[in-house]
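Analysis of the macromolecular model
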Amino acid sequence: ARSVDDPRVRVVNDGQHLALAARLNQIAHLARGEFIARLDADDLMHPKKLEIQVSFLRSEPAVDVVGTGMYILDGNGLPVASRRISVTPSARDLFVKGPLAHATVTGRRRWFLDYPYDETYPYSQDRELWCRAFSKSRFANLAECYYFCREIDSFSLSKAVSAGLAEMRLSARYGPSYVGLPRAGMLILGAALKIPAYAGITALGLQARVVRRRSESLTPEERSDAAATLAGIRATRVPMRPDAQTDDW
């Protein structure tokens, strides 16, 4: 990152190993602009993603955070599926699949300062934030896929178990007020049952199949369009300092 020759790129390196939630809160304080956009290190975004999301937020001043649909990439970096979330998320979405795909979101910096991530959640800190802020905020999603996620090979049993435990905690904490006590109890039970199910899936080597089932298959036209966009992203030259080693780029 230090090799990038662009004054807009700032590298913050304090030598500490802090969890994701702490770094996300730090970003909100370090940012200088009006908006904050998420991007995970191993993913890619559509060239027009930021332009479209910022334009949406400026045209919809009541919306605090906007997400998008996303393409799912396989181990070879090829688009194999898509995932879209309700354009106008409901309270039920908080506990089904989340009201926003975290990695895709762009939101107002002031909102992220008002609603910091809970650093006691090493996993599902985004779901906790959505639950805590939902009744006092407004979320939206763009139906189009402007994000490319390397998800197929990212499944691990330890992450799945941690996410399941966090889901139980969230359902117990926020479920009664949003969906009622009986439904919250069912959500807790469902999350608990997922943990042994994930163990069995991992033992059988079916992780990729589970990830695919959460997504929608692409039509030939969608696959072609997504592949063309990816080719354009990968062909983009990053401005590098003359003394930088660029073999890996």
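An account of the accompanying structure is given in this report. Every chain is numbered on its own, with residues counted from 1 as its sequence reads. With pLDDT at 70 or above as the cut-off, local features in this predicted model cover only qualifying residues; side-chain atom pairs require 80 or more to be listed or tallied, and sums for whole chains, interfaces and linings still use all residues. Note that the side-chain values use all heavy atoms of the structure and ignore hydrogens as well as water.

Some remarks on the overall build of the protein
Secondary structure elements follow DSSP: runs of H or I no shorter than four residues count as helices, runs of E no shorter than two count as strands, and numbering proceeds from the N terminus. On a plain count of helices and strands, the protein comes out with 9 helices and 7 strands. Its C-alpha atoms put the protein at 60 × 45 × 40 Å along the principal axes. A sequence separation of at least 24 residues applies to 76% of the contacts in the protein between residues at least 6 apart. Summed over all atoms, the accessible surface of the protein reaches about 14000 Å², with 54% contributed by carbon and sulfur. Note on charges: Lys and Arg go in the positive column, Asp and Glu in the negative column, and His and the chain ends are not counted at all. Where a charge sits is defined by one atom per residue type, namely NZ (Lys), CZ (Arg), CG (Asp) or CD (Glu). Averaged over its 34 positive side-chain charges, the protein has a centre that lies 4 Å from the centre of its 28 negative ones. Any two residues having at least one pair of non-hydrogen atoms within 4.5 Å are treated as being in contact. Values of accessible area rely on a 1.4 Å probe in the Shrake-Rupley scheme; residue burial ignores everything except the protein chains shown.

Some words on the packing of helix α6 (residues 157–179) against helix α7 (residues 181–204)
In the contact formed by α6 and α7, the axes pass within 7 Å of each other and the chain directions differ by 175 degrees. Looking at the two axes, α6 sits roughly antiparallel to α7. Between α6 and α7, the contacting residues are Leu-157, Ala-160, Val-161, Gly-164, Leu-165, Glu-167, Met-168, Ser-171, Ala-172, Gly-175, Pro-176 and Val-179 on the first element and Leu-181, Arg-183, Ala-184, Leu-187, Ile-188, Ala-191, Ala-192, Lys-194, Ile-195, Tyr-198, Ala-199 and Thr-202 on the second. Residue classes follow a fixed rule: Ala, Val, Leu, Ile, Met, Phe, Trp, Tyr, Cys and Pro count as nonpolar, while Asp, Glu, Lys and Arg count as charged, and any other residue, Gly among them, counts as polar. Classifying every residue of the contact of α6 with α7 gives 17 nonpolar, 4 polar and 3 charged. Working convention: axes come from line fits to C-alpha atoms, limited for helices to the stretch in contact. Angles between N-to-C directions cover 0 to 180 degrees. In these notes the angle categories are as follows: under 35 degrees is roughly parallel, over 145 is roughly antiparallel, 65 to 115 is roughly perpendicular, and the rest is oblique.

Quick word on the packing of aromatic side chains
Each pair of aromatic rings taken from Phe, Tyr and Trp, with Trp reduced to its six-membered ring, is defined by centres within 6.5 Å and is described as stacked if the planes are under 30 degrees apart, edge-to-face if over 60, and tilted in the remaining cases. As enumerated under the stated definition, the model contains 10 aromatic pairs in all. Measuring from centroid to centroid gives 5.9 Å for Trp-111 and Phe-139, while their planes differ by 85 degrees, and the two rings are edge-to-face. Taken as a pair, Trp-111 in helix α4 (residues 109–114) and Phe-139 in strand β6 (residues 139–150) lie far apart in primary sequence, 28 residues in all. Both residues of the pair, Trp-111 and Phe-139, belong to the buried class. With centroids separated by 6.4 Å and ring planes inclined at 20 degrees, the aromatic side chains of Phe-112 and Tyr-117 adopt a geometry described as stacked. Neither residue differs from the other here; Phe-112 and Tyr-117 are each classed as buried. Three or more aromatic residues joined by ring pairs form one cluster here, namely Phe-95, Trp-111, Phe-112, Tyr-115, Tyr-117, Trp-130, Phe-134, Phe-139 and Tyr-178. The positively charged end of Arg-169 is found above the aromatic ring belonging to Tyr-121, 3.8 Å away from the centroid. Throughout, exposure labels follow a simple rule: accessible area from a 1.4 Å probe, protein chains only, divided by the maximum for the residue type, with under 20% read as buried, over 50% as exposed, and the rest as partly exposed. Two conditions define a charge located above a ring, namely a distance within 6 Å from the ring centre to NZ of Lys or CZ of Arg, and an angle within 35 degrees of the ring normal.

Comments concerning the pattern of salt bridges
Salt bridges are defined as contacts in which a side-chain nitrogen from Lys or Arg sits within 4 Å of a carboxyl oxygen from Asp or Glu. Scanning the model with the defined rule gives 13 salt bridges in all. Here Arg-23 makes a salt bridge to Asp-14, at a shortest N to O gap of 2.9 Å. A salt bridge links Glu-128 to Arg-132; its shortest N-O distance comes to 2.8 Å. In this pair, Glu-128 and Arg-132 are both assigned in helix α5 (residues 125–133), 4 residues apart and thus about one turn of the helix distant. When its relative accessible area of 0% is taken as the criterion, Glu-128 is described as buried. Its relative accessible area of 25% is what places Arg-132 among the partly exposed residues. Among the charged side chains, a salt-bridge network with shared partners connects Asp-118, Glu-128, Arg-132 and Arg-173.

Points about helix α2 (residues 49–59)
All buried positions along α2 are accounted for by Lys-49, Gln-53, Val-54 and Leu-57. One side of α2 carries all its buried residues, which in axial view fall inside an arc of 110 degrees. Set apart from the buried face of α2 by more than 90 degrees, the exposed residues are Glu-51 and Arg-58. Along its buried surface, α2 packs onto β1 (35–37), β2 (44–45), β3 (65–73), β5 (106–108) and β6. This arc is built from the directions going out from the helix axis to the C-beta atoms.

Section: the pairing of β6
In terms of residue burial, β6 counts as a mostly covered element, since 9 of its 12 residues are buried. Strands pair, by our definition, only if DSSP identifies at least two bridges between them. Bridging between β2 and β6 involves 2 bridges; their strand directions are antiparallel. The partner of Leu-44 across the bridge, within β6, is Phe-148. Across 8 bridges, the pairing between β3 and β6 is parallel.

A word on the nonpolar core
Note on terminology: a nonpolar core comprises buried Ala, Val, Leu, Ile, Met, Phe, Trp, Tyr and Cys residues joined through side-chain atoms within 4.5 Å. If you look at the biggest cluster of nonpolar residues, it comprises 24 residues, and the most contacted ones within it are Trp-111, Trp-130 and Phe-139. For this core, the secondary structure elements donating two or more residues are α1 (20–30), α3 (93–96), α4, α5 and α6. In terms of residue count, the dominant contributor to this core is α5 (4 residues). Setting aside anything within four residues of it in sequence, one finds Trp-111 in contact with Asp-64, Val-65, Leu-129, Trp-130, Ala-133, Ser-137 and Phe-139.

Observations regarding the side chain of Ser-82
With respect to the secondary-structure elements, Ser-82 resides in strand β4 (residues 79–83). Definition of a polar contact: a pair of N or O atoms within 3.5 Å, with one able to donate and the other able to accept a hydrogen when the atoms are protein atoms, and with sequence-neighbouring residues admitted only if both atoms are side-chain atoms. Side-chain polar atoms of Ser-82 contact the side chain of Arg-84, separated by 2.9 Å.

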